[in-house]
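# Per-entry structural report
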Amino acid sequence: MDQLSLKGKTAVITGGARGLGFAFAEALAEAGAHIVILDIGTPKEGSLEGLAEQYAVKVKAFLVDVTSRQQVNDVVEEIERDFGSVDVNVNAAGVVTDEPFLTTSDKNLSSTFNVNFTGSFLVAQACANSMVRKWQTLGSPSPSTISPTGSIIFISSVSTHMPTIVQQTSCYIASKSAIRGLVKPLAMELAQYGIRVNSLSPGSTRTDMMRQVEQTFPDLLKQFNQESLFGRVAEPRELKPAVLFLATSAWTTGQDLVVDGGVSVFKHRGNY
Ligand SMILES: NC(=O)c1ccc[n+]([C@@H]2O[C@H](COP(=O)([O-])OP(=O)(O)OC[C@H]3O[C@@H](n4cnc5c(N)ncnc54)[C@H](O)[C@@H]3O)[C@@H](O)[C@H]2O)c1
């Protein structure tokens with residue numbers, strides 16, 4: 001169905017070198033989008049070539065720190081020159097540090113907010129400006145006469161709806177709540193340019209980010225498994241349909257989509 005196709009569109013995905021970001025890149029490539037990954041890390045050898053070959057799309061990765069306005073603006077300009085436009089932007093770059101609130105360090109506070117909130121803000125802002133330029137080249141059509149063309153997707157977390165009892169990540173959860181705080185005002189401001197803005201709140205998903213937290217709390221996975229209605233955490237590929245939905249659903253804007261295997265629908269307590 002055409003409505004589910006992103007053929008010829010360009011998707012800019014931060015944090016796409018691995019984990020959920022890479023799964024999002026796969027989903028959007030499968031739908032036909034050209035893929036641009038912005039990350040401070042390098043994608044697994046051969047992974048980008050694999051995507052390009054399997055889905056016959058253009059794939060490129062840039063080493064970019066999303067907390068640098070200069071780097072972000074420069075790369076979005078380059079993408080516009082190389083790819084023509086930015087149509088979809090997924091902001092998956094993120095960091096988490098487990099620290100009790102009473103002793104949360106300045107380092108954690110600033111790096112968590114810088115990457116998770118400011119980084120998402122800066123990339124979304126640069127991509128939105130690019131989307132507006134494209135809208136202008138189309139003759140500035142009224143959104144009441146056409147389908148919205150741009151989609152910005154922020155990655156929040158189920159923990160902003162229901163924090164787990166086994167982690168102490170107030171700083172992370174606050175940064176992810178701040179991201180959700182952007183969704184409605186941006187949806188309102190950007191609708192006039194045919195741009196939709198939503199967030200996705202995944203539940204616990206088996207990525208390097210979770211493996212890193214597990215090193216501090218070896219029983220974490222056991223607890224996370226119990227918190228989902230299916231007795232396990234998600235694999236990154238299980239979040240792919242959700243990002244595709246937000247990228248293609250022309251009538252969805254200003255929403256947070258929780259995809260958590262039922263974690264947030266019932267009360268649970270840890271075993272320890
Ligand atoms: N894994 C989970 O259980 C889970 C649950 C809910 C939400 N999330 C969110 O999903 C997103 C992806 O998480 P993940 O589990 O795949 O994590 P991950 O650690 O596997 O991947 C995060 C990516 O972000 C990149 N990154 C970090 N700082 C950056 C910066 N300054 N500039 C550019 N890139 C940077 C890393 O290099 C890495 O490739 C994050 O925003 C995370 O908060 C994850």
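Reading the values: rules and limits
Residues numbered from 1 in each chain as written. Predicted model: local features only at pLDDT ≥ 70, side-chain atom pairs only at ≥ 80, totals over all residues. Heavy atoms only, no water. Buried < 20%, exposed > 50% of the residue type's maximum accessible area, 1.4 Å probe, protein only. Helix = DSSP H or I, 4+ residues; strand = E, 2+ residues; numbered from the N terminus. Pairing = 2+ DSSP bridges. Right-handed = clockwise from strand over helix to strand, strands pointing away. Salt bridge = Lys/Arg side-chain N within 4 Å of Asp/Glu carboxyl O.

### Re the pairing of strand β4 (residues 88-91)
- Taking every second residue as pointing to the same face, both faces of β4 are buried, with Val88 and Val90 on one and Asn89 and Asn91 on the other.
- The sheet contact formed by strand β1 (residues 10-14) and β4 spans 4 bridges and is parallel. In the sheet register, Ile13 faces β4, and the bridge partner there is Val90.
- Relative to strand β5 (residues 150-155), β4 runs parallel, the two sharing 4 bridges. Bridge assignment links Asn89 to a residue of β5, and that residue is Ile152.
- Between β4 and its parallel partner β5, the chain crosses via helix α4 (residues 106-137), and the hand of that crossover is right-handed.

### Thoughts on the pattern of salt bridges
- The final tally for this structure, using the stated rule, is 8 salt bridges.
- The salt bridge partner of Asp208 is Arg211, with a shortest N-O separation of 3.2 Å. You can see Asp208 and its partner Arg211 sitting in helix α6 (residues 208-216), 3 residues apart, about one turn around the helix.
- Each of Arg18, Asp208 and Arg211 takes part in salt bridges that share partners, so that together they form one network.

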